[in-house]
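Fold and contact review
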Amino acid sequence: MTVRTPSSRIRRAVTPLALCAGLTVGLTACAADPDEGTNGVGRLSAPEIEGKARSAANTARAVRLAGTLVSKGDTFKLNMRLKQDGATGSVTTKNSTFELLRVGDALYLKADAGFWSHEAQGDGTPTDADTEAADKLDDKYVKVPQGDPSYKQLRGFTDMDLLLAGLIGLHGDKVKGDRDQIGGIRTIKVKGGQAGDGGTLDVALEGTPYPLQFARGGGAGIVVLSEWNKDFPLAAPSKDETLDYGKQLPRT
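Worth saying up front: this structure is predicted, and the values here are computed from it rather than measured.

Topic: helix H7 (residues 160-168)
Looking only at H7, the buried set comprises Met160, Leu163, Leu164, Leu167 and Ile168. Taken end-on, H7 shows its buried residues confined to a sector of 110°, consistent with a single buried face. For H7, the N-terminal capping position is held by Asp159, with its side-chain oxygen 3.2 Å away from the main-chain nitrogen of Asp161.

Below is the structure:
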């Protein structure tokens with residue numbers, strides 16, 4: 001029977017540690033690789049990661065966008081499914097919630113009676129005519145005339161390219177942030193400025209490096225981007241589902 005001396009036991013215990021502690025390279029090799037099993041974008045610089053996310057979004061055919069946007073003092077809650085030739089979903093403002101459906105250039109709006117009874121008398125009470133018209137329009141689609149002042153604003157909520165261009169762009173120097181998870185998918189954050197004042201973008205570390213969440217700077221809203229490239233049907237509503245409003249639409 002061989003009895004090891006204390007010094008031999010110490011050498012056996014220290015040897016594996018020395019393999020990982022001898023050089024900085026050794027330390028890196030023995031540490032867990034946070035990019036193992038990922039798409040590799042976490043190894044890129046912040047501008048390169050943002051570029052990968054932008055390219056992925058630009059080539060996508062469809063996406064779901066859900067969250068809150070603050071613009072010019074107004075808050076909008078969106079839940080929209082978007083693709084190049086149209087969109088469907090809902091928008092909630094301070095005063096109302098309405099649905100939007102766009103097929104090509106044809107834009108339809110559907111809302112409850114409360115939305116349509118905006119025409120009020122001086123004391124703020126809807127007229128009898130307003131109430132009657134609103135009841136007829138309740139939960140019906142109204143085709144928004146392209147010449148109506150509301151058309152451009154409402155269409156903006158359904159324009160995939162326009163929304164993504166405004167949501168993915170970061171302001172200021174690009175800085176790599178922490179790793180996180182959005183919807184169970186690992187992400188790497190890219191910030192506009194060290195504190196994220198120019199926005200913070202979460203980019204997928206699994207599969208295609210799609211942008212999965214964008215937090216706008218200054219507390220101007222957070223949106224989640226999901227269901228990339230997942231197609232969905234779009235069709236104009238039937239005649240039975242559609243009514244003509246007959247005058248300028250209410251401002252949203």
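Focus: the pattern of salt bridges
Evaluation of the coordinates by the stated rule reveals twelve salt bridges. A salt bridge links Arg64 to Glu227; its shortest N-O distance comes to 3.0 Å. With Arg64 in strand S1 (residues 62-71) and Glu227 in the loop between strand S11 (222-226) and strand S12 (242-243), this residue pair connects regions lying 163 residues apart in the sequence. Given the relative accessible area of 22%, Arg64 is considered partly exposed. Overall, Glu227 belongs to the partly exposed group, its relative accessible area being 27%.

Some thoughts on the environment of Arg216
Within the fold, Arg216 resides in the loop between strand S10 (211-215) and S11. A C-alpha to C-alpha distance of 9.3 Å links Arg216 and Ile168, two positions 48 residues apart in sequence. Excluding its chain neighbours within four sequence positions, the residues that come into contact with Arg216 are Leu69, Val70, Leu167, Gly199 and Gly221. Within the local environment of Arg216, its side chain forms a polar contact with the backbone oxygen of Ala220, the two atoms lying 3.4 Å apart.

As for the sheet that holds S12
Taken in spatial order, the twelve strands of this open sheet run S7-S8-S9-S10-S11-S1-S2-S3-S4-S5-S6-S12, and their pairing is mixed. Both outer strands of the open sheet, strand S7 (174-182) and S12, are each paired with one neighbouring strand and no more. Sheet topology note: the strand S4 (residues 97-103)/strand S5 (residues 106-111) ladder contains six bridges and is antiparallel. Along S5, the bridge assignment pairs Phe98 with Ala111. In the packing of helix H6 (residues 149-156) onto the sheet, the strands contacted are strand S2 (74-83), S4 and S5, and the crossing angle to S5 comes to about 85°. H7 rests against S1, S2, strand S9 (200-204), S10 and S11 of the sheet, and its axis sits at about 60° to S1.

Parameters and conventions
- Residues numbered from 1 in each chain as written.
- Predicted model: local features only at pLDDT ≥ 70, side-chain atom pairs only at ≥ 80, totals over all residues.
- Heavy atoms only, no water.
- Buried < 20%, exposed > 50% of the residue type's maximum accessible area, 1.4 Å probe, protein only.
- Helix = DSSP H or I, 4+ residues; strand = E, 2+ residues; numbered from the N terminus.
- Arc of directions from axis to C-beta.
- Polar contact = N/O pair within 3.5 Å; in protein donor to acceptor, adjacent residues only side chain to side chain.
- Salt bridge = Lys/Arg side-chain N within 4 Å of Asp/Glu carboxyl O.
- Contact = heavy atoms within 4.5 Å.
- Pairing = 2+ DSSP bridges.
- Axes fitted to C-alpha atoms, helices over the stretch in contact; angles between N-to-C directions.

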